[in-house]
Amino acid sequence: MKPSPPILFKLQVKICGLTSAETAAACADLGADAVGCVFFPKSPRHLSEPRAAEICRALPPAVKKVGVFVNESFSKIMRKVERCGLTAVQLHGRELPELVHDLLKENITVIKALFSAGSPSLSDASTYRPSAFLAECGAGVLPGGNARAWDWQQARNICNTYPVILAGGLTPENVSQAIAACRPAAVDVSSGVEKTPGVKDLAKVKAFLDAVSRSGFKRKTEKIF
């Protein structure tokens, strides 16, 4: 008997930095697998708990509700998880491996950001054991959201070893190139589909999702979202 062929999963898409429940629901309708709510006060996309909860309530159960945090404590993160209805957390600062471990025990998806031009670096992947990594540039004023394209091929090694979400300067015009460069399990976009910070352009969101679909890329890695 011939062995069964491996199950291949389509590349997934996270739309991050949503500030409107209506827009978040529209992104889900267009095919987004995950939506990101930012809880970093210095970000122009920072959300209050009531606004984040409203966004999460507007999303169907199959769409992952991701809270993005920078150097926050376990207790503060879990308060947001419980009050807002988050189903995943993204750690986008210099968090320790112990925090990743503690959050995983709460039965939520944990994503740890690694940076090509910051700390922790892409080479630090073996230090952590999250549900998935997010590979980002890390150069600029903010931990994320600086709209900087970078040499995505630098993430190829960790994409070959771990489930990785690729982020950083992605747009409808370049996402196919980025996918070909490092072959991630998912991609993450924010400013690349915006009119202004936090205000998504649904035509750009659709164009981004269409470009990902046209790439035709699939992985053996199980789904992140």
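Cut-offs applied
- Residues numbered from 1 in each chain as written.
- Predicted model: local features only at pLDDT ≥ 70, side-chain atom pairs only at ≥ 80, totals over all residues.
- Heavy atoms only, no water.
- Helix = DSSP H or I, 4+ residues; strand = E, 2+ residues; numbered from the N terminus.
- Rg over C-alpha atoms; globule rule 2.2 N^0.38 Å.
- Buried < 20%, exposed > 50% of the residue type's maximum accessible area, 1.4 Å probe, protein only.
- Contact = heavy atoms within 4.5 Å.
- Areas by Shrake-Rupley, 256 points an atom, 1.4 Å probe, with all protein chains shown as cover.
- Lys, Arg positive; Asp, Glu negative; His and termini not counted.
- Charge placed at Lys NZ, Arg CZ, Asp CG, Glu CD.
- Phe/Tyr/Trp six-rings, centres within 6.5 Å; stacked < 30°, edge-to-face > 60°.
- Expected span 1.5 Å × (residues − 1).
- Arc of directions from axis to C-beta.

Caption draft 1: Examining the overall build of the chain more closely. Scanning the chain for helices and strands turns up 7 helices and 12 strands. For 225 residues, the compact-globule estimate of 2.2 N^0.38 gives 17 Å, and the chain sits close to it at 16 Å. Among the 225 residues that make up the chain, the fraction classed as buried is 53%. Here the contacts in the chain between residues at least 6 apart in sequence split such that 56% fall between residues at least 24 apart. Carbon and sulfur atoms provide 50% of the accessible area of the chain, an area that totals close to 10600 Å². A distance of 3 Å separates the average location of the 29 positive side-chain charges in the chain from that of its 20 negative side-chain charges.

Caption draft 2: Focus on the packing of aromatic side chains. Scanning the entire structure with this criterion turns up 2 aromatic pairs. Ring geometry for Phe39 against Phe69: centres 5.2 Å apart, planes inclined by 15°, an arrangement best described as stacked. Pair noted here: Phe39 is in the loop between strand 3 (34-38) and helix 2 (49-57) and Phe69 is in strand 4 (residues 64-69), with a separation of 30 residues, a long-range link. When sorted by exposure, Phe39 lands in the same class as Phe69, which is buried. Arranged with centres 5.2 Å apart and planes meeting at 80°, the rings of Phe133 and Tyr162 form a pair that is edge-to-face.

Caption draft 3: Inspection of helix 7 (residues 202-215) at higher detail. With 14 residues, helix 7 extends 20 Å from end C-alpha to end C-alpha; this agrees with the ideal 20 Å at 1.5 Å per step. The complete set of buried residues in helix 7 reads Val205, Phe208, Leu209, Ala211 and Val212. Projection of helix 7 onto a plane perpendicular to its axis shows the buried side chains occupying an angular sector of 155°, all on one side. In this structure, helix 7 carries Ala203, Ser213 and Arg214 as exposed residues pointing more than 90 degrees from its buried face. Next to the buried residues of helix 7 lie strand 2 (12-15), helix 1 (21-30), helix 6 (175-182), strand 9 (186-189) and strand 11 (199-200). Where helix 7 terminates, the next one or two residues include Gly216, which has phi positive at roughly 70°.

All quantities given are derived from atomic positions and should not be read as evidence of function.
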